[in-house]
2 protein chains.
Amino acid sequence: MILTVTLNAALDVTYGVDRLVSGTSHRVGETHERAGGKGINVARVLDLLGRPTLVTGLAGGPTGELIRGELRASGLPEALVPVGGDARRTVTVVSHADGQATVFNQPGPRVGPGEWAEFTARYARLVRDARVVVLSGSTPPGLPADAYARLIRTAAAAGARTVLDTSGPALGEALGARPDLVKPNAAELAEATGHTDMTAAALALRAAGARAVVASLGPRGLEAHTPDGAWHAAPPEALTGNPTGAGDACVAALAAGLADGRPWRRVLREAAALSAAAVLRPTAGDVDPAAYHRLRTTVRLEELHAPHTHR
Amino acid sequence: MILTVTLNAALDVTYGVDRLVSGTSHRVGETHERAGGKGINVARVLDLLGRPTLVTGLAGGPTGELIRGELRASGLPEALVPVGGDARRTVTVVSHADGQATVFNQPGPRVGPGEWAEFTARYARLVRDARVVVLSGSTPPGLPADAYARLIRTAAAAGARTVLDTSGPALGEALGARPDLVKPNAAELAEATGHTDMTAAALALRAAGARAVVASLGPRGLEAHTPDGAWHAAPPEALTGNPTGAGDACVAALAAGLADGRPWRRVLREAAALSAAAVLRPTAGDVDPAAYHRLRTTVRLEELHAPHTHR
């Protein structure tokens, strides 16, 4: 089983409007509500791949109830821990006239020390059955700075591998716990290390504790730096669509590959193909299956031989 | 007691962002949630005036629970009828850089015939204790076209006076039930009658059944056409601020005046003063008390003597 952790689970709400004009009132045509947060999106993709998965994390209040209800309706098993504060919403306004998406992210409710202790106790039991633990997204206010580091150590002690997809201080604080894999995008990598060169930045994350780094570079694919070598994997064609869920699809493929103990070359082909296939779908957590099956055999994989890329 | 009816009650959510840029992602700095819908805003102003008021209408699902909880916290008595569908939200994004407010209005849940019958039965009991009934805002999908007409007839049969503040087909369908007062704004008046001349439009609404019409004209004040005469009431100065709640404050003053059986001149002065004082406050349902007390003695009232303004 792959356990996905979403400490700041959200209800993702999409509003359709004719055209978004700042400073005016809009009649919302249609509304969609879906459980979200990066870890939940990863679980959706794993479920599409037929991989047993379990959603955990924090989700409280009436919005937390809506999140749990939507997960049940989607057939995704969940072990979310309720907290007192109401779970956050993310509102995406899709403007039909120009296709633009405008997103509003709430910060999420403050979590108390007792609630965090309740979560970590539950998590310690859940990781016993997990082959891989995926830790994704921002952390809500109130958590200790080393929240992800503690969760990584608990997972490692239980024999599970860990994949971390977060940014900013949460990423920096977690590296010392030696996650098996971190998956930043180009902007997160530059922010975390101060390096604009991808290779230098990835090596800096490895030096700080990450066992492997897979950076997602948008249409340019993935760059991986691992103990076994370094590679660049890219789809044969640039696909246009909604890039929001590409990172989560990438993480799902990486987690599935780690769970199976597959060689990096194969894992990276799968991850590049699944990311690109996610771009073709309008919602995060979904992939285009036909594109995925086509791309997994046509992704171009190039080994990076420069001496500074290995160690 | 003044009964305010909000058939499409809402949770009004305000998001603060640094600057709204269409097509990008925004971190929401602060979030405020408040029960809303025009009738609820009217009740808030009546409560500020010290007038006994009761909120009724339709509000279902978890969002309906949040609406009820917020009303309790605000000390506003409510007799909202729950329905199966989740109540709507309105999201207002305030851009701190330029002060602009961008609003997204959800349509509200569909209401079934059984739910409507349950509401009308409850309403028939509530109006027995009401001196005035205020019917405000849009109606949710699923209600009969003559929903407001029926509520007006029920109120009149119980001896209560009625104030209607709605627009479009809901306004047109309700006039035949002879509401005591309708309060359109300039755009609603033009849309309902096809007349761009305010006086011609107000007379057309009276001809269609409204006993009196008070049109709110933004900074230009109010124009009233009643069986006792016609007047224009305007504040001595143009006030700038947030006009969203000015119409609801106007309705509150009109309802309070009707409840007391006061002469129109006095009612109109109060309504013009209270509307203008609402513009000074950022949220609907609130007024600036100092401005209100200053303006109620300085509002300029002008009788409209043209022969076509009386009948």
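Going by the structure above, here's the rest.
Residues numbered from 1 in each chain as written. Chains lettered and ligands numbered in written order. Predicted model: local features only at pLDDT ≥ 70, side-chain atom pairs only at ≥ 80, totals over all residues.

*Asks:* Give me the sheet that holds strand 3 (residues 25-27) of chain B: which residues, what numbers.
*Replies:* In spatial order, the strands read 4(A)-2(A)-7(A)-8(A)-3(B); together these 5 strands make up an open sheet with mixed pairing. Since the sheet does not close on itself, it has two edges, and those belong to strand 4 (31-36) of chain A together with strand 3 of chain B, each with one partner. For this sheet, the mean inter-axis angle between neighbouring strands, taken without regard to orientation, is 20 degrees. Looking at chain direction, strand 8 (residues 101-105) of chain A and strand 3 of chain B are connected through 3 bridges and run parallel. Bridge pairing in strand 3 of chain B links A:Asn105 to B:Arg27. Strands in contact with helix 2 (residues 61-74) of chain A are strand 2 (10-17), strand 4 and strand 7 (88-95) of chain A; relative to strand 4 of chain A, the strand with the most contacts, it is inclined by about 85 degrees. (Pairing = 2+ DSSP bridges. Helix = DSSP H or I, 4+ residues; strand = E, 2+ residues; numbered from the N terminus. Axes fitted to C-alpha atoms, helices over the stretch in contact; angles between N-to-C directions. Contact = placed C-beta atoms within 7 Å.)

*Asks:* Outline the relation of the copies chain B and chain A, supporting the account with residue identities and numerical values.
*Replies:* Under the fitted operation, chain B is carried onto chain A by 0.0 Å of movement along the axis and a turn of 180 degrees, and the coordinates agree to an RMSD of 0.0 Å. A rotation of that kind, with that shift, is consistent with a two-fold axis. The position closest to the rotation axis in chain B is occupied by the C-alpha of B:Pro62, lying 2.9 Å away. Both copies present the same face, since 100% of the interface residues in chain B are matched by interface residues at the equivalent positions in chain A. (Least-squares fit on C-alpha atoms with pLDDT ≥ 70 in both.)

*Asks:* Give a description of helix 8 (residues 246-260) of chain A that names residues and reports values.
*Replies:* Residues and elements named next belong to chain A. An ideal rise of 1.5 Å per residue puts 21 Å on 15 residues; helix 8 measures up with 21 Å between its terminal C-alpha atoms. With 13 of its 15 residues buried, helix 8 lies for the most part within the structure. Phi turns positive one or two residues past the end of helix 8, at Gly261, with a value near 65 degrees. (Expected span 1.5 Å × (residues − 1). Buried ≥ 20, exposed ≤ 12 C-beta atoms within 10 Å, placed from the backbone.)

*Asks:* I'd like to hear about the interface of chain B and chain A, residue by residue, with values.
*Replies:* Every contact between the two is made by 25 residues of chain B and, on the other side, 25 residues of chain A. Elements that contribute at least two residues to the side of chain B that touches chain A include exactly strand 2 (10-17), strand 3, helix 2 (61-74), strand 7 (88-95) and strand 8 (101-105) of chain B. Among the elements that make up the side of chain B that touches chain A, the one with the highest residue count is strand 8 of chain B (5 residues).

*Asks:* Provide a residue-level description of the sheet that holds strand 8 of chain B, including the pertinent values.
*Replies:* Taken together, 5 strands build an open sheet; the order of strands is 3(A)-8(B)-7(B)-2(B)-4(B) and the sheet is mixed. Of all the strands in the sheet, the pair left with one neighbour each is strand 3 (25-27) of chain A together with strand 4 (31-36) of chain B. Strand-to-strand, the axes of this sheet are offset by a mean angle of 20 degrees, without reference to chain direction. Across 8 bridges, the pairing between strand 2 of chain B and strand 7 of chain B is parallel. Paired with B:Ala10 across the bridge in strand 7 of chain B is B:Arg88.

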